[in-house]
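Understanding the architecture of this molecule
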Amino acid sequence: MIFNPEYECMEKQARKKLQLAALKNLTETLASKVPFYQKKIMEAKVKSNDIHNITDICKLPFTTKDDLRDNYPHGLRACPRDRIVEVHMSSGTTGKPVVNEYTMKDLDIWRQVMARTLSGAGCTRDDIVQNCYGYGLFTGGAGVHYGCLTIGAEVLPMSSGNTERQLMILRDFGSTMLTCTPSYAMFLAEEAAEAGIDIKALPINKGCFGAEAWSENMRNEIQERYNMKAYDIYGLTEIIGPGVAFECEAQNGLHVNEDMFYPEIIDPETGEPLAAGEKGELVFTTLTREGTPLLRYRTRDITYLIEEPCSCGRTTRRLHRLLGRTDDMLIIRGVNLFPSQIEQALIDIEGTEPQYLIIINRGESHLDELELQVEVKKDLFSDETRGLEKLRSRIENVMKSKLQIGLKVKLVEPKTIERSIGKAKRVIDNRKI
Ligand code: DLL
């Protein structure tokens, strides 16, 4: 279902006009209200009158995660304090948290984009949504919650964790939609099987999964285990939280809520804009935010833009499923590698589960050594060891040919790799560089 056809199916030229007006407005606001941007915009020698076309956005300066940290906690606020009504943060793994401050209008934007997102996955007021994204400073819980209320769907604000209770509610309340990280959806399915609950027979029929990288393989697994449709949703704290982009029934790329968040793809080395179809770093400008609006924010996420029309009728540009991050790129003996490539390569290898852990050590020879732990299906472990050995060398060969990297594979029993209730941890880097 299309929640807001007026904006989602808008004629492209009309949308560009709208984006241009919003960008000019934003540039003026930032240059007059936020000292950090005042300086940056002045240094770039651009005035809002120099922006004639939305593509002129490339004349404006970028914002980086470091800029956000340097201005912690309130340096990027663009309105008086008393207009802020809610705050969210992401802790990240290093440094100070990234802060997003919302005005009432910002919350309206969030409600709107999350209603579009959940509707894209088929959510209506007939649905009962079990929301297992964390509530609190994390944006996942609140974002889905607001979207459900806007649609009029019933929301069960479960938050993450307490798997036994999650399963009880899933069964007793007849939840029809699940929202959580894809890794937690997999974990819940495993626990259900363990507890003898046939989740395929339950009313649950769709889910929105995001907040971490996942693959088509993982999607197929989730769809198969629950007998439901699994949709990708994307977002980040800095921009709004979840709701920046979402999949529709075509499951073929994530529609960007372009009237609110203007996307660009740039070369991460040079900062130059790239054309649709070219892989690079995703950059967002919040066209209509009031609390902490951002200009050309470098997300460090890697993907490409899809311009071709979508069968659903929306005219917004789409993001290809996220391919990795500029900062979780591993460099192993000089070869660039993303954890998502390993996950992708595990596709089609019969007998493996989509649960893996990459461990990097610097060996005695001072060379990087990569160990890939992969869970295998239960019946293989009770099998003779020859089957296991064959699978192990098959994975090593596939990795070698697909990724040009030699690694040691260790097959582990189901449920050996630690499960997470939030974002999954896929890499342990023991190198001290
Ligand atoms: O993870 C917001 C969110 C909540 C998105 C719930 C979807 C669902 P942060 O904690 O700030 O915000 O993390 C943002 O997570 O830059 C990506 O690297 C990653 N990420 C988010 N969604 C996806 C996705 C939330 N669908 C960071 N696929 C982003 C791959 C994703 N990575």
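All of the points below concern the structure found in this document. (Residues numbered from 1 in each chain as written. Predicted model: local features only at pLDDT ≥ 70, side-chain atom pairs only at ≥ 80, totals over all residues. Heavy atoms only, no water.)

The helix and strand tally for the protein stands at 12 helices and 21 strands. In terms of its C-alpha atoms, the protein occupies a principal-axis envelope of roughly 75 × 55 × 40 Å. In the protein, which comprises 433 residues, the share counted as buried stands at 56%. Counted over contacts in the protein with a minimum sequence separation of 6, partners at least 24 positions apart contribute 66%. Positive and negative side-chain charges in the protein, numbering 57 and 63 respectively, have mean positions lying 3 Å apart. (Helix = DSSP H or I, 4+ residues; strand = E, 2+ residues; numbered from the N terminus. Buried < 20%, exposed > 50% of the residue type's maximum accessible area, 1.4 Å probe, protein only. Contact = heavy atoms within 4.5 Å. Lys, Arg positive; Asp, Glu negative; His and termini not counted. Charge placed at Lys NZ, Arg CZ, Asp CG, Glu CD.)

Going through the model one piece at a time under the given rule, you end up with 34 salt bridges. When the shortest N-O distance is used, the salt bridge between Arg 317 and Glu 258 registers 3.1 Å. Here Arg 317 is found in the loop between β13 (305–306) and β14 (318–319), whereas its partner Glu 258 is found in the loop between β9 (254–256) and β10 (261–266), with 59 residues between them in sequence. Residues Arg 317 and Glu 258 agree in their burial class; the two are buried. The salt bridge partner of Arg 325 is Asp 301, with a shortest N-O separation of 2.9 Å. You can see Arg 325 sitting in strand β15 (residues 324–325) and its partner Asp 301 sitting in strand β12 (residues 297–303), a full 24 residues away along the chain. The exposure class assigned to Arg 325 is partly exposed, which follows from its relative accessible area of 21%. Counted as one network, the salt bridges with shared partners bring together Glu 216, Arg 219, Asp 232, Glu 247 and Arg 321. (Salt bridge = Lys/Arg side-chain N within 4 Å of Asp/Glu carboxyl O.)

Two numbers describe how helix α7 (residues 163–172) lies on helix α8 (residues 182–194): the axes approach to 10 Å, and their chain directions differ by 80°. Taken together, the axes of α7 and α8 lie roughly perpendicular to each other. Contact residues: Thr 163, Gln 166 and Leu 167 in α7; Tyr 184, Phe 187, Leu 188, Glu 191 and Ala 192 in α8. When grouped by side-chain class, the residues that make up the contact of α7 with α8 number 5 nonpolar, 2 polar and 1 charged. (Axes fitted to C-alpha atoms, helices over the stretch in contact; angles between N-to-C directions. Parallel < 35°, antiparallel > 145°, perpendicular 65-115°, else oblique. Nonpolar A, V, L, I, M, F, W, Y, C, P; charged D, E, K, R; others polar.)

Here we take up the nonpolar core. Counting residues in each nonpolar core, the largest one holds 63 residues, and the members touching the most others are Leu 23, Tyr 37, Trp 110, Leu 118, Tyr 234 and Phe 261. Counting residues per element, this core draws most heavily on helix α5 (residues 104–120), at 7 residues. Beyond its immediate chain neighbours, meaning those up to four positions away, Tyr 37 contacts Leu 30, Met 42, Thr 63, Leu 76, Pro 293, Leu 294 and Leu 295. (Core = buried A, V, L, I, M, F, W, Y, C linked by side-chain atoms within 4.5 Å.)

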